[in-house]
Amino acid sequence: MAAKIKAELIRLRFLLLAVAFLCLKTYLLYKFGFHIQSENILQEMLLLLNPLSASVFVIGLSLFFSGVVRNGMVIVLSTIATCILYFNLLYYRFFTDFLTWPVLFQTSNAKDLQGSFLQLMNWTDAFLLFDILILIGLIWWKKIPLQMREKREPAALIVASLVIFLFNIGIAQIERPQLLTRAFDREMLVKNIGLLNYHVYDAYVQSHSKAQRVFAESSDIDEVIRYRKENYKEPNPEMYGIAEGKNVIVLSLESLQSFVINETLNGEEITPFLNDLIEESYYFDHFYHQTAQGKTSDSEFLVANSLFGRDSGSVFFTHAGNEYNSLPEWLHENGYYSSVMHANNKSFWNRDMMYLQFGYDQFFDIDSFTVTEENSIGWGLKDVDFFEQSIDLLKTQPKPFYTKLITLTNHYPFELGEEDKMINEFDSNSGTLNRYFPTVRYMDHAVEEFFTKLKEEGLYEDSIFILYGDHYGISEYHHKAMSQFLGKEELTPFDHVQLQRVPLLIHIPGHDPSVNHTVSGQIDLKPTIMHLLGIDTRDDIQFGSDLFSNERESFAVLRNTSFITDDIVFTNGVCYDKGTGEETLEEKCEPFMEKAQLDLRLSDKIIYGDLLRFD
Ligand code: GP9
Ligand code: MN
């Protein structure tokens, strides 16, 4: 057997050499072209391994040919693969990002590239041809025997590349669970499955959503418009336009859930500043996140569009080419400058692409911040430093502005340096929940500092503030520890839904505080913000309704179809009484089932069919 394999390897040595060259070249590009860093040995191994399956497949296509043509095809295929790598390299030099299929066909991007194509090239790029020249040399000097095509070879090729790919995915899954379903970052995808495989994956994702778009017709939107008209809620005249012309500062607070608000741990407040701010704000204590796998990006999508994200994957990736009537566009029409500040790669969650579609004037990504080892922890820039640096950026903006700041420190796995720990960890079997409290406390402190600075800089008085938790931080997996913290025997599906509440504060300097118990969700923020600024929403397609409207129905539907009203919670097919948390008659939930399903179905219909292009 071993002798047989050895003989085969020798027989296919030219092809294997080309594969080895292509893998090595990809790896070197990762390191020196794309500057991909690895944080541990497993990641480094993945970088070395991930070019293999695609290289075997691509170069192996030469097995479909015989003799001189076969050897020639090895050269052709190596060259094609090299070109793909090189286009990515040039694109990366300009945009610090990897190519996506939509980008290739987006004329505006292509134009950006064309102009500076030559400038982006470098003489060192010639090294990319090195292996191809060697391969040509070997053929030229007749070092390579001619082979006939064998029947079993193509099948063997497919099996070999598939086995390698599955092995690769297996390791990637250990390193990044839910990599393909969540697909949060192109760099992460490239790091885990390899650049060439990433392009295939991207083609699949894009073509899938394209197909649904093709079959959509302009009349499809009529049903949605009708539904919207029926559900439109008049704004509250006492609140309509009260913030007109003021700056809007939105804080997306990472993984902040409502269960920590006005709570203590070992006798110490977990969110002392937010608790105080609530006393001076409109506070919504029955406000739910409605996100799914797209996490932060889903919350951004909900807030900007009053549409739901997808039930799987991230709409930021799958439908970044759609037409939207997003909040930044409405604001722009009303004289606002809009921006996002977030100290992460701009390609994370495909934000750079999606934000273009939303119409933000500016995205201050990681490159706008000074990030060092000292001021970073976990996912990057610490919240205190992030806010501090953001103040300078805020000052540069034209007024009135709408700016969303996205925090990062209170992100799983909730790491924090000793010097930043203001309260002790919790003591349970879940390290995640234990660490959550000090990072929440730290974020609270960071927000406090931010407000202090805003006041010092004179940015406070003329602004309104919207603070919300983007999604849960503690998953169902930690229920045992969570029940310990909440002092309950066990957590039921009813409790789980209640844990999906995230804080929402609308702080308007000079306004009297109030606590509002209306059941609501992130989908309601767009109409609320627009009405506060005096912008009519009657012609906008929205699935939420103004939180201050007197006509408002107390209702929220979560992305997994669970829904909540003042009296009931419906989840996992069971109707619960909100007062007791006990199961109740299904007929109590029934009147809301249709609305819940219709909201989700019609919102999905808009996204899959890209229906707003017909609006
Ligand atoms: C990344 C940050 C976190 O930029 O928004 O993303 P998440 O994992 O919370 O969706
Ligand atoms: Mn988040």
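Just so it is clear, the model here is predicted, and its values are computed rather than measured.

Draft legend 1. Focus on the domain arrangement of the chain. One can read the domain layout of the chain as domain 1 (2-212) and domain 2 (238-552). The gap between the C-alpha centroids of domain 1 and domain 2 is 40 Å. Taken together, the contact pairs 17 residues of domain 1 with 15 residues of domain 2. Surface buried jointly by domain 1 and domain 2 totals about 1500 Å² across both partners, of which 46% is contributed by carbon and sulfur atoms. For the pair domain 1 and domain 2, the interface holds one salt bridge. In this structure, Arg186 and Asp352 form a salt bridge, with 3.4 Å as the shortest nitrogen-oxygen distance. For the side of domain 1 that touches domain 2, the elements supplying multiple residues, two or more each, are helix H5 (67-95), helix H10 (179-182), helix H11 (186-193) and helix H12 (195-214).

Draft legend 2. Quick look at the sheet that holds strand S11 (residues 463-469). With mixed pairing, the eight strands of this open sheet are ordered in space as S7-S6-S10-S1-S11-S12-S4-S13. Edge positions in the sheet fall to strand S7 (362-364) and strand S13 (514-516), since each of these pairs with one other strand and no more. With direction set aside, neighbouring strand axes in the sheet form an average angle of 15 degrees. Sheet analysis places strand S4 (residues 282-284) next to strand S12 (residues 504-507), joined by three bridges and oriented antiparallel. Of the residues in S12, the one forming a bridge with Phe284 is Leu504. Its contacts with the sheet put helix H15 (residues 295-305) on strand S10 (401-406) and S11, and the angle it makes with S10 is roughly 160 degrees. Relative to the sheet, helix H19 (residues 383-396) contacts strand S1 (247-253), strand S6 (337-341), S7 and S10, its axis offset from that of S10 by approximately 165 degrees.

Draft legend 3. Spotlight on unusual backbone geometry. Backbone torsion omega between Lys399 and Pro400 reads -5 degrees, so that peptide bond is classified as cis. Along the chain, the position of Pro400 falls in the loop between H19 and S10. The omega angle of the peptide bond from Tyr412 to Pro413 is 5 degrees, so this bond is cis rather than trans. Of note, Asn262 is a non-glycine position whose phi angle comes to about 55 degrees, a positive value. Positionally, Asn262 belongs in the loop between S1 and strand S2 (264-265). Positioned with a positive phi, Asn350 is a non-glycine residue whose angle comes to about 60 degrees. Note that Asn350 resides in the loop between S6 and helix H18 (351-358). By relative accessible area, Asn350 is classed as buried at 4%.

Draft legend 4. Layout of the site of ligand 1. As a matter of local geometry, ligand 1 sits amid 13 residues, with Thr296, His342, Asn344, Arg351 and His411 nearest to it. Between ligand 1 and the protein, one listed contact pairs an oxygen atom with a side-chain N or O atom of Arg351 at 2.7 Å. Across the shell around ligand 1, the residue classes tally to four nonpolar, five polar and four charged.

Draft legend 5. Representation of the side chain of His342. With respect to the helices and strands, His342 occurs in the loop between S6 and H18. A polar contact is formed between the side chain of His342 and the backbone oxygen of Ile406, at a distance of 3.1 Å. Each residue touching His342, except ones within four places of it in the same chain, is listed here: Arg351, Phe363, Phe364, Asp365, Ile366, Phe369, Phe386, Ile406, Thr407 and Leu408.

Draft legend 6. Representation of the pattern of salt bridges in the model. Across all of its chains, the model carries 31 salt bridges by this definition. Linking Arg152 and Glu150 is a salt bridge whose minimum nitrogen-to-oxygen distance equals 2.6 Å. In this structure, Arg213 and Asp610 form a salt bridge, with 2.7 Å as the shortest nitrogen-oxygen distance. Here Asp610 lies in the segment after helix H24 (590-609) and Arg213 lies in helix H12, a separation of 397 residues in the sequence. Residue class for Arg213 comes out partly exposed when judged on its relative accessible area of 30%. Looking at Asp610, the relative accessible area reads 2%, which means it is buried. In the salt-bridge network here, residues are joined through shared partners; they are Glu8, Arg11, Arg70, Glu150, Arg152 and Glu153.

Draft legend 7. Layout of the coordination of the manganese ion (ligand 2). The protein atoms donating to the manganese ion (ligand 2) are Glu254 (OE), Glu254 (OE), Thr296 (OG1), Asp470 (OD) and His471 (NE2), with metal-donor distances spanning 2.1 to 2.5 Å. Around the manganese ion (ligand 2), the six donor atoms are arranged such that angles at the metal cover 55 to 169 degrees; this shape is classified as irregular. Positions of the donor residues of the manganese ion (ligand 2) along the chain correspond to the pattern E-x41-T-x173-D-H. Residue Thr296 is located in helix H15, and its partner His471 is located in the loop between S11 and helix H21 (479-486); the two are separated by 175 residues in the primary sequence. We classify Thr296 as buried; its relative accessible area is 6%.

Draft legend 8. Molecular detail of the packing of helix H3 (residues 41-49) against helix H9 (residues 152-175). In the contact formed by H3 and H9, the axes pass within 10 Å of each other and the chain directions differ by 155 degrees. Taken together, the axis directions place H3 and H9 in an arrangement best described as roughly antiparallel. The chirality of how H3 crosses H9 is left-handed. Listed contacts from H9 to Leu42, Gln43, Leu46 and Leu49 of H3 are Phe167, Asn168, Ile171, Ala172, Ile174 and Glu175. In terms of residue class, the contact of H3 with H9 is made up of seven nonpolar, two polar and one charged.

Draft legend 9. Broad picture of the packing of aromatic side chains. Scanning the entire structure with this criterion turns up 36 aromatic pairs. Residues Phe259 and Tyr436 carry aromatic rings whose centres are separated by 5.8 Å and whose planes lie at 20 degrees to one another, so their mutual orientation is stacked. In this pair, Phe259 sits in the loop between S1 and S2 while Tyr436 sits in helix H20 (residues 431-456), placing the two residues 177 residues apart along the sequence. This pair shows no difference in class: Phe259 is buried, exactly as Tyr436 is. Centre to centre, the rings of Tyr282 and Phe548 are 5.0 Å apart; their planes meet at 75 degrees, and the pair counts as edge-to-face. Of this pair, Tyr282 sits in strand S4 while Phe548 sits in the loop between helix H23 (525-532) and strand S15 (555-557), and the two are 266 residues apart along the sequence. Take Phe548: its relative accessible area is 9%, and that puts it in the buried class.

Cut-off values and rules
Residues numbered from 1 in each chain as written. Chains lettered and ligands numbered in written order. Predicted model: local features only at pLDDT ≥ 70, side-chain atom pairs only at ≥ 80, totals over all residues. Heavy atoms only, no water. Domains from an automatic or database assignment. Contact = heavy atoms within 4.5 Å. Buried area = accessible area lost by both parts, 1.4 Å probe. Salt bridge = Lys/Arg side-chain N within 4 Å of Asp/Glu carboxyl O. Helix = DSSP H or I, 4+ residues; strand = E, 2+ residues; numbered from the N terminus. Pairing = 2+ DSSP bridges. Axes fitted to C-alpha atoms, helices over the stretch in contact; angles between N-to-C directions. Buried < 20%, exposed > 50% of the residue type's maximum accessible area, 1.4 Å probe, protein only. Near = heavy atom within 4 Å. Polar contact = N/O pair within 3.5 Å; in protein donor to acceptor, adjacent residues only side chain to side chain. Nonpolar A, V, L, I, M, F, W, Y, C, P; charged D, E, K, R; others polar. Donors = N, O, S within 2.8 Å, 3.2 Å for Na, K, Ca; no water. Tetrahedral: all angles 85-135°; square planar, octahedral: opposite > 155°, others 65-115°. Parallel < 35°, antiparallel > 145°, perpendicular 65-115°, else oblique. Left-handed = near helix turned anticlockwise from the far one by under 90°. Phe/Tyr/Trp six-rings, centres within 6.5 Å; stacked < 30°, edge-to-face > 60°.

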